[in-house]
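Structural overview for review
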Amino acid sequence: MLQYNNQPNESTIQKNLEGKYDFLIAYTEESYWWSDRQFYQILALKDGQWDLITLASKKKKNGDFRKPKIRVSSFDNNKAQLLLNQLDHLSFWTLSSDSLNITQREDPDSTLTTYTLYDAANYKFEIMTKEGYKIIEAYAPDHFLEKLPEIKSRQKFIAGRDIFIAALKN
């Protein structure tokens, strides 16, 4: 189902939840303005039961993050399955951060047009199974979709992000 990046990294999700669930999808929004905090919404499956998890942490004065506060509540299995089916339908799991973050277009005269944006949010999903780990992230996808509508994977990412957020609110 997924192609994985198994590179070691500094993921708070991996450090705190690796090996504890059969499947996990974590969502966060990152920005320079919020760089002193981490807040994840997580949907996780273990032994056939879905959990909704929030993980929050703030930076200490030395720059390290505090031990996160983790809250777990049960999540309706039917809602979780519906969400996964909707993400499957979008081919969400096959999205690549590389293609989601293209900011250049080749013009008819063979020159390149580059679009930039500063101080926007990065939207990130971390997906973890027993087989591996993958990050799917996009910087300011709504803005760059407007500038580069030909990058269809951005539409899928935005749809997946919005479906995920809506499913967890209900």
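Attention in this report is confined to the structure presented alongside it. Sequence positions are assigned chain by chain, starting from 1 and proceeding in written order. Selection of residues for local features in this predicted model requires a pLDDT of at least 70, selection of side-chain atom pairs for listing and counting requires 80 or more, and totals for whole chains, interfaces and linings are taken over all residues. Where side-chain values are given, they derive from all heavy atoms of the structure, hydrogens and water being excluded.

Quick look at the overall build of the chain
- To qualify as a helix, a DSSP run of H or I must reach at least 4 residues; to qualify as a strand, a run of E must reach at least 2; elements of each kind are numbered from the N terminus. Within the chain one finds five helices and eight strands.
- The N-to-C order of helical and strand elements in the chain reads α-β-β-β-β-α-α-β-β-β-β-α-α.
- Here the C-alpha radius of gyration of the chain, 17 Å, is about what a compact globule of 170 residues would show, namely 15 Å.
- Projecting the C-alpha coordinates of the chain onto the three principal axes gives extents of approximately 55 × 45 × 30 Å.
- When accessible area is computed with a 1.4 Å probe and restricted to protein chains, residues below 20% of their type maximum are described as buried, those above 50% as exposed, and intermediate ones as partly exposed. Looking at the chain as a whole, 41% of its 170 residues are labelled buried.
- Computed with a 1.4 Å probe, the accessible areas rest on the Shrake-Rupley method; for each residue, only the protein chains presented here act as cover. Put simply, the chain shows about 10000 Å² of open surface, and 49% of that area lies on carbon and sulfur atoms.
- Distance between charge centroids for the chain: 9 Å, based on 23 positive and 23 negative side chains. The globule rule used here is 2.2 Å times the number of residues to the 0.38 power, and the radius of gyration it is set against is calculated over C-alpha atoms. Counting rule for charge: Lys and Arg are taken as positive, Asp and Glu as negative, and neither His nor the chain ends is counted. To locate a charge, take NZ of a lysine, CZ of an arginine, CG of an aspartate or CD of a glutamate.

Digging into the environment of D98
- Structurally, D98 is set in helix α3 (residues 97–100).
- Here D98 falls in the exposed class, since its relative accessible area comes to 67%.
- Considered as a pair, D98 and I136 are 38 residues apart in the sequence and their alpha carbons are 9.1 Å apart.

Some remarks on the nonpolar core
- Within the largest apolar cluster, 27 residues are counted, with the highest numbers of intra-cluster contacts made by I25, F92 and F157.
- Contacts: residue pairs with any heavy atoms within 4.5 Å of one another. The residues touching F92, leaving out its near neighbours within four places in the chain, are I25, L87, F125, I136, K156, F157, G160 and R161. Only buried residues count toward a nonpolar core. Its members are Ala, Val, Leu, Ile, Met, Phe, Trp, Tyr and Cys residues joined through side-chain atoms within 4.5 Å.

A word on the side chain of T129
- One can find T129 in strand β7 (residues 122–129).
- In this structure the side chain of T129 is engaged in a polar contact, spanning 3.0 Å, whose partner is the backbone nitrogen of E131. Nitrogen and oxygen atoms within 3.5 Å of one another constitute a polar contact, given that in protein one can donate a hydrogen and the other can accept it, and given that sequence-neighbouring residues count only through two side-chain atoms.

Things to note about the pairing of strand β8 (residues 133–139)
- Across the seven residues of β8, five count as buried, placing the element largely inside the fold.
- Across seven bridges, the pairing between β7 and β8 is antiparallel. Each bridged residue has a counterpart across the sheet, and for E126 the counterpart in β8 is I135.
- Pairs of strands are assigned from DSSP output, requiring at least two bridges between the strands. Count of turn residues in the β7/β8 antiparallel hairpin: three residues.

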